[in-house]
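In case you want the letters, here they are:
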Amino acid sequence: MLVALTFGLAAQAQAQTKYREFFETGVSTIVGNYAGPSYHISNTHGFKFGSMFVGLGYGYDYYWLKKKRHTQVWNPGGTRPVFIDLKRYDEDAKNSLILDAKAGISFDRKQYIEDFCEFGIGRRMVLKGDSALSASLFCKLYHDDYNDGGCTVTYRPIYNVGFKLAIEIL
């Protein structure tokens, strides 16, 4: 009886688990003294369990920062994040609220390893078939190593606020 119950629960869990893939792109601005524009693109693969999605993702962030607080000299940069992505939404609804949280590490062009986290809130709209489109506002915190006038300063916090579009594919 215990074996039958175990197989029954395993079959039910597999029926509720669904593979998902997300392609996201967005634009944002860095907030603060070193403010500048930034662009994001990422891809996430994972599984949906009920109303929760858990996945692993990778991406590319490109940004421009002011080299010093009071100048207009720009320092382009880019990072390649690798992250864990947690999403919560109602799969059964045509339009639903989506909450998104990402945390991980990213590698910059100088091969420094930096940490980051991102939080977003938006709206998910189901398209034909099993795909969906979502639009969200997000904020991101990451750290940047930089050289300011010959004096190396490390681990500067960067705050980012922006808008993102995502396509979800089953």
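Quick note: structure is the one above.
Residues numbered from 1 in each chain as written. Predicted model: local features only at pLDDT ≥ 70, side-chain atom pairs only at ≥ 80, totals over all residues. Heavy atoms only, no water.

Caption draft 1: Molecular detail of the overall build of the protein chain. Across its full length, the protein chain holds 1 helix and 8 strands. Beginning at the N terminus, the succession of helices and strands in the protein chain can be written as α-β-β-β-β-β-β-β-β. Per-residue burial over the protein chain gives 36% buried out of 170 residues. Within the protein chain, contacts between residues separated by at least 24 positions form 53% of all contacts whose residues are at least 6 apart in sequence. Of the roughly 9,700 Å² of accessible surface on the protein chain, a fraction of 67% belongs to carbon and sulfur atoms. (Helix = DSSP H or I, 4+ residues; strand = E, 2+ residues; numbered from the N terminus. Buried < 20%, exposed > 50% of the residue type's maximum accessible area, 1.4 Å probe, protein only. Contact = heavy atoms within 4.5 Å. Areas by Shrake-Rupley, 256 points an atom, 1.4 Å probe, with all protein chains shown as cover.)

Caption draft 2: Seen up close, the packing of aromatic side chains. Under the counting rule described, the total for this entry stands at 4 aromatic pairs. Relative to phenylalanine 47, the ring of tyrosine 19 has its centre 5.8 Å away and its plane inclined at 70°; by these criteria the two rings are edge-to-face. Placement of the pair is tyrosine 19 in strand 1 (residues 17-31) and phenylalanine 47 in strand 2 (residues 37-49), with a sequence separation of 28 residues. Each ring, one from phenylalanine 22 and one from phenylalanine 53, has its centre 4.9 Å from the other, and the planes form 65°; the classification is edge-to-face. Highlighted residues: phenylalanine 22 in strand 1 and phenylalanine 53 in strand 3 (residues 52-66), separated in sequence by 31 residues. As far as the burial class goes, phenylalanine 22 and phenylalanine 53 line up, both buried. Looking at lysine 87, its charged tip hangs above the ring of phenylalanine 22, at a distance of 4.6 Å from the centre. Seen from the ring of phenylalanine 138, lysine 164 lies directly overhead, with NZ or CZ sitting 4.5 Å from the centre. (Phe/Tyr/Trp six-rings, centres within 6.5 Å; stacked < 30°, edge-to-face > 60°. Lys NZ or Arg CZ within 6 Å of the ring centre and 35° of its normal.)

Caption draft 3: Main features of the state of the cysteines. Tallied over the full model, the rule gives 0 disulfides. In this structure cysteine 117 is not part of a disulfide, and its nearest cysteine sulfur, from cysteine 139, lies 7.8 Å away. The class for cysteine 117 is partly exposed, based on a relative accessible area of 25%. For cysteine 139, a relative accessible area of 38% gives the class partly exposed. (Disulfide = S-S within 2.5 Å.)

Caption draft 4: Layout of the pattern of salt bridges. This model, assessed by the stated rule, comprises 12 salt bridges. A salt bridge links lysine 102 to glutamate 118; the shortest N-O distance between them is 3.6 Å. On the criterion of sequence distance, the pair formed by lysine 102 in strand 5 (residues 95-108) and glutamate 118 in strand 6 (residues 113-126) is long-range, its members being 16 residues apart. The class for lysine 102 is buried, based on a relative accessible area of 4%. Its salt-bridge partner being arginine 124, residue glutamate 168 comes within 2.7 Å of it at the nearest N-O pair. With glutamate 168 in strand 8 (residues 151-169) and arginine 124 in strand 6, this residue pair connects regions lying 44 residues apart in the sequence. (Salt bridge = Lys/Arg side-chain N within 4 Å of Asp/Glu carboxyl O.)

Caption draft 5: Local environment of the side chain of serine 96. Relative to the assigned elements, serine 96 resides in strand 5. Look at serine 96 and you get buried, because its relative accessible area is 5%. Contact partners of serine 96, with chain neighbours within four places excluded, come to Tyr89, Asp90, Gly122, Arg123 and Arg124.

Caption draft 6: View of a nonpolar patch on the surface. A cluster of nonpolar side chains, Tyr19, Phe47, Phe49, Met52, Val54, Leu56, Ile84 and Leu86, forms an exposed patch at the surface whose accessible area comes to about 720 Å². Elements that contribute at least two residues to the nonpolar patch include exactly strand 2, strand 3 and strand 4 (74-88). By secondary structure assignment, the location of valine 54 is in strand 3. (Patch = residues over 30% accessible without salt bridge, like charges linked within 9 Å, V, L, I, M, F, W, Y side chains within 5 Å.)

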